[in-house]
Amino acid sequence: MGGRGAVRPARAWIPLALAVLASLGACKTLERLPAEPPALSTGALPEAAGCIPPNPSPQASPDAAPQAGACRYFVARETASFVAEARAAAARGRAWHAQNGVPIPPLNMLAVSGGGDDGAFGAGLLVGWTEAGTRPEFQVVTGISTGALIAPFAFLGSSRDGDLRSVYTEINQHDIFTSRSFLAALTSDAMADTKPLRQMLEQHVDQALLDQIGAEYAKGRLLLVGTTDLDSREPVIWNMTAIAASHSPNALSLFRKVLLASASIPGAFPPVMIDVEVNGARYQEMHVDGGATTQVFVYPPTLRIAEEAAAAGIERQRSLYVIRNASLDPDWTVVKRGTLPIAGRAVSSLMAAQGIGDLYRIYLLAERDDIDFNLAYIPASFSAPKKGQFDQAYMRALFQEGHDLAARGYPWEKHPPGYTRAIKEAAH
């Protein structure tokens, strides 16, 4: 589930998986349908969810009845389609506000990162933000890994704060996964079984939640979740509002699968297999934690929001709030001299560096598109002990930390760590 909360299990599981990779090659692999050829992936329809294939042309008329758009986008190859969906969403929003006599609101966006059990920080921050009375409605919400689990509740607003509190303060490790024996792991697809997490998703992500999210699609709002297609090693952005608005019999199942996939650490948790169809032929994609390719995202750089707004004659304030469910301070520890500890530490270092790099990338996008940048992360002062993964006492303490900081008026950072305004001005 990405971030600091997932780095610790990665230290044990990922190096172990690497150590037994050679022996796995001799074992019988689990059966699966073939993945679709790369040339066909952009036209693949997931599980007949009722969404249309990606199309670079926006809707013919913004006054037409809202229809579900493309379910997902392979970010590197379908940027034109994503830009078209963003334009169509803006057109739907303008039409809905005009029809209801409501002024177009400021553009507020929220991006929630991965972080495993450290997602308790982001959940607590959102609940505390509600109590402060300053939490806006977000037109766009994105989530990766544990951030994907937070995103639907954040998207629907304060009415779902109870879900955030429940998911991040009333669970423990047994509510997320059960460990497999070493032998079972060798003959399976992961070190643990995430059946408990699937059951928790079934409890909190129900048809009522799906209907609420689907209704927001007509208003131009977007809920986006990131996964990694392991076959093509590509990040995939899923349009969860389009899935919800499709009203397909398979929509709820696909919605839950995407959330589960986004939080499935490869090697530690089983991948999520998603059936797709292309030209009448069935294939199967393997999706894993979105954190395998990025820790947090907002939108592809080919979408130039300031230019799009100017072309549409829209003037409004634009703000972005990024919640990084991790500490950005150095995590010092004595590394034992051994293959597995060294490999595990290297993996955790790579993930931490990736997360900081993502913040810089997002900040540069915000600067280019004249968006007010705001960043929250776990403060260095937080020092509650942690006895294991998804330790309930630790998560409750971290939830309370985020809650109290936000309830008092969160001191949002205006730049990524280590960045100064002087450096930027000097570069110009």
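Colleague: Explanation requested: the packing of helix α6 (residues 146-156) against helix α10 (residues 207-217) in the structure shown.
Modeller: Between α6 and α10, whose axes approach to 10 Å, the crossing angle comes to 60 degrees. Where α6 crosses over α10, the two elements pack in a sense that is left-handed. When α6 is examined against α10, the residues P152, F153, F155 and L156 are found in contact with a partner set consisting of L209, Q212, I213 and E216. In terms of residue class, the contact of α6 with α10 is made up of six nonpolar, one polar and one charged.

Colleague: Would you take a moment to explain the environment of L375 for this structure?
Modeller: Mapped onto the elements, L375 comes out in strand β12 (residues 372-378). Residues L375 and Y410 lie 35 residues apart in sequence; the distance between their C-alpha atoms is 9.8 Å. Beyond its immediate stretch of four places on either side in the chain, L375 contacts V322, R324, L328, L359, Y410, W412, E413, H415, P416 and P417.

Colleague: Where do I start with the confidence of the model for the protein chain in this structure?
Modeller: If pLDDT is low for a region, its predicted coordinates should not be looked at in detail. The predicted model of the protein chain has a mean per-residue pLDDT of 86, with 86% of residues at 70 or higher. In this model residues 20-26 is a low-confidence stretch, pLDDT under 50, and it forms four contacts with partners more than four residues away in sequence or in other chains. Segment residues 56-68 is flagged for pLDDT under 50; beyond a separation of four residues in sequence, or across chains, it makes 20 contacts in the model.

Colleague: Is there a simple way to explain the pairing of strand β3 (residues 107-112) in this structure?
Modeller: Along any regular strand, the residues point their side chains to alternate faces of the sheet. Among the six residues of β3, six are classified as buried, and the element is accordingly described as predominantly covered. Of the two faces of β3, the one carrying L107, M109 and A111 and the one carrying N108, L110 and V112 are both buried. Across six bridges, the pairing between β3 and strand β11 (residues 318-327) is parallel. Counted as the bridge partner of L107 is R318 from β11. Crossover β3 to strand β4 (residues 140-144) through helix α5 (residues 119-132) is right-handed.

Colleague: It is not clear to me how empty space enclosed by the protein should be interpreted in this structure. Could you clarify?
Modeller: To find leftover empty space, a probe the size of one water molecule is rolled over the atoms. This structure, assessed with the given rule, holds five cavities of 30 Å³ or more. Here the largest cavity is characterised by a volume of approximately 80 Å³. Lining of the largest cavity is provided by L149, P152, F153, V167, M200, L201, H204, V205 and L259. Those elements that provide at least two residues to the lining of the largest cavity are α6 and α9 (195-204). Residues belonging to the lining of the largest cavity are distributed by class as follows: eight nonpolar, one polar and no charged.

Colleague: It is not clear to me how the side chain of H287 should be interpreted in this structure. Could you clarify?
Modeller: Residue position: H287 is located in strand β10 (residues 281-289). Judged by its relative accessible area of 0%, H287 falls in the buried class. Within the structure, H287 has its side chain in polar contact with the side chain of E285 (distance 2.8 Å). Leaving out residues up to four positions away in the same chain, H287 has contacts with R72, T227, T228, D229, V236, W238, A261, P271, V272 and I274.

Colleague: What is the right way to look at the packing of aromatic side chains in this model?
Modeller: Each aromatic ring pair is described using two quantities: the centre-to-centre distance and the angle formed by the ring planes. Counted by the stated rule, this structure contains eleven aromatic pairs. A network of ring pairs unites the aromatic residues W129, F138, Y321, Y410 and W412 as a single cluster. The lysine or arginine in question, R77, covers the ring of F74, its NZ or CZ lying 4.9 Å from the ring centre. One cation-aromatic arrangement involves R221 over F155; the distance from NZ or CZ to the ring centre is 4.0 Å.

Colleague: Before we go on, may I ask you to explain unusual backbone geometry in this structure?
Modeller: We note that S145 has phi near 60 degrees; this positive angle belongs to a residue other than glycine. Its location among the elements puts S145 in the loop between β4 and α6. Residue S145 is classed as buried on the basis of its relative accessible area, which comes to 0%. Backbone geometry at R233 places phi at a positive 55 degrees, although glycine is not the residue there. Position of R233 relative to the elements: it lies in the loop between β7 (222-229) and β8 (234-239).

Colleague: Mind showing me how you'd approach the packing of α10 against helix α12 (residues 251-262) here?
Modeller: Two quantities define a packed helix pair, namely the angle between the helix axes and the distance between the axes. Two elements in contact, α10 and α12, have axes separated by 10 Å at closest approach and are oriented at 90 degrees. Between α10 and α12, the interaxial angle falls into the category roughly perpendicular. Contacts from Q207, L209, L210 and I213 of α10 reach α12 at A251, L252 and F255. Among the residues forming the contact of α10 with α12, the class breakdown is six nonpolar, one polar and no charged.

Calculation rules
- Residues numbered from 1 in each chain as written.
- Predicted model: local features only at pLDDT ≥ 70, side-chain atom pairs only at ≥ 80, totals over all residues.
- Heavy atoms only, no water.
- Axes fitted to C-alpha atoms, helices over the stretch in contact; angles between N-to-C directions.
- Helix = DSSP H or I, 4+ residues; strand = E, 2+ residues; numbered from the N terminus.
- Left-handed = near helix turned anticlockwise from the far one by under 90°.
- Contact = heavy atoms within 4.5 Å.
- Nonpolar A, V, L, I, M, F, W, Y, C, P; charged D, E, K, R; others polar.
- pLDDT = per-residue confidence, 0-100.
- Buried < 20%, exposed > 50% of the residue type's maximum accessible area, 1.4 Å probe, protein only.
- Pairing = 2+ DSSP bridges.
- Right-handed = clockwise from strand over helix to strand, strands pointing away.
- 1 Å grid on protein atoms, 1.4 Å probe; cavity = no way out; pocket = protein on both sides within 12 Å on 5 of 7 lines; lining within 4 Å.
- Points joined across faces, edges and corners; volume = space filled by probe spheres on them.
- Polar contact = N/O pair within 3.5 Å; in protein donor to acceptor, adjacent residues only side chain to side chain.
- Phe/Tyr/Trp six-rings, centres within 6.5 Å; stacked < 30°, edge-to-face > 60°.
- Lys NZ or Arg CZ within 6 Å of the ring centre and 35° of its normal.
- Parallel < 35°, antiparallel > 145°, perpendicular 65-115°, else oblique.

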